[in-house]
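# Chains, contacts and geometry: an overview
Below, each chain spelled out in residue letters.
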Amino acid sequence: MIKNAMIRIKNAIVNTWKTADEVARYKAVDRLEDEVEEMEYIFAVLCQGAFIGMPAPPERISLDLLPDMEKDLILLMERVETANEPLSRLFSAFDIS
């Protein structure tokens, strides 16, 4: 009787631990995706900064990278759309309620 109760308690603790581990892994992956998106944005601004008035590498390099930067340019256009609400991006990234 006591042995069965101990086994049930142990199984409940193990299941809770596995669930907490899965949630933590999901959040870690989500944070890494946010970081990768920010790094891609910084790379796009560094390479194509001449379009927004920032110092940029020589035009030859920027134009050579242009065909490979479709995703980065889309990201830049999305950032232009959300430029009026910079805190909303931060709140959505950090799950601040």
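Description of the structure in this document. (Residues numbered from 1 in each chain as written. Predicted model: local features only at pLDDT ≥ 70, side-chain atom pairs only at ≥ 80, totals over all residues. Heavy atoms only, no water.)

### Quick look at the overall build of the chain
- The secondary structure content of the chain amounts to four helices and zero strands.
- Listed by position from the N terminus, the elements making up the chain come as α-α-α-α.
- Among the 97 residues that make up the chain, the fraction classed as buried is 12%.
- Taking the contacts inside the chain whose residues are at least 6 apart along the sequence as the reference set, 55% of them involve residues at least 24 apart. (Helix = DSSP H or I, 4+ residues; strand = E, 2+ residues; numbered from the N terminus. Buried < 20%, exposed > 50% of the residue type's maximum accessible area, 1.4 Å probe, protein only. Contact = heavy atoms within 4.5 Å.)

### Observations regarding a nonpolar patch on the surface
- A grouping of M1, I2, M6, I9 and I13 is seen on the molecular surface, where their side chains present a nonpolar patch of about 640 Å² in accessible area.
- Looking at where M6 falls in the secondary structure, it is placed in helix α1 (residues 2–47).
- Residue classification places M6 among the exposed residues on the basis of a relative accessible area of 53%. (Patch = residues over 30% accessible without salt bridge, like charges linked within 9 Å, V, L, I, M, F, W, Y side chains within 5 Å. Areas by Shrake-Rupley, 256 points an atom, 1.4 Å probe, with all protein chains shown as cover. Salt bridge = Lys/Arg side-chain N within 4 Å of Asp/Glu carboxyl O.)

### Quick look at the nonpolar core
- Counting residues in hydrophobic clusters, the biggest one holds five residues: A44, V45, C47, M69 and L76.
- Ranked by the residues each element gives to this core, the list is headed by α1, at three residues.
- Those residues in contact with L76, other than ones at most four positions away along the chain, are Y41, A44 and V45. (Core = buried A, V, L, I, M, F, W, Y, C linked by side-chain atoms within 4.5 Å.)

### Topic: α1
- The end-to-end C-alpha separation of α1 is 67 Å, in line with the 68 Å expected for 46 residues at 1.5 Å each.
- Buried within α1 we find A44, V45 and C47. (Expected span 1.5 Å × (residues − 1).)

### Regarding the environment of T19
- Mapped onto the fold, T19 is located in helix α1.
- A distance of 2.9 Å separates a polar side-chain atom of T19 from the backbone oxygen of N15. (Polar contact = N/O pair within 3.5 Å; in protein donor to acceptor, adjacent residues only side chain to side chain.)

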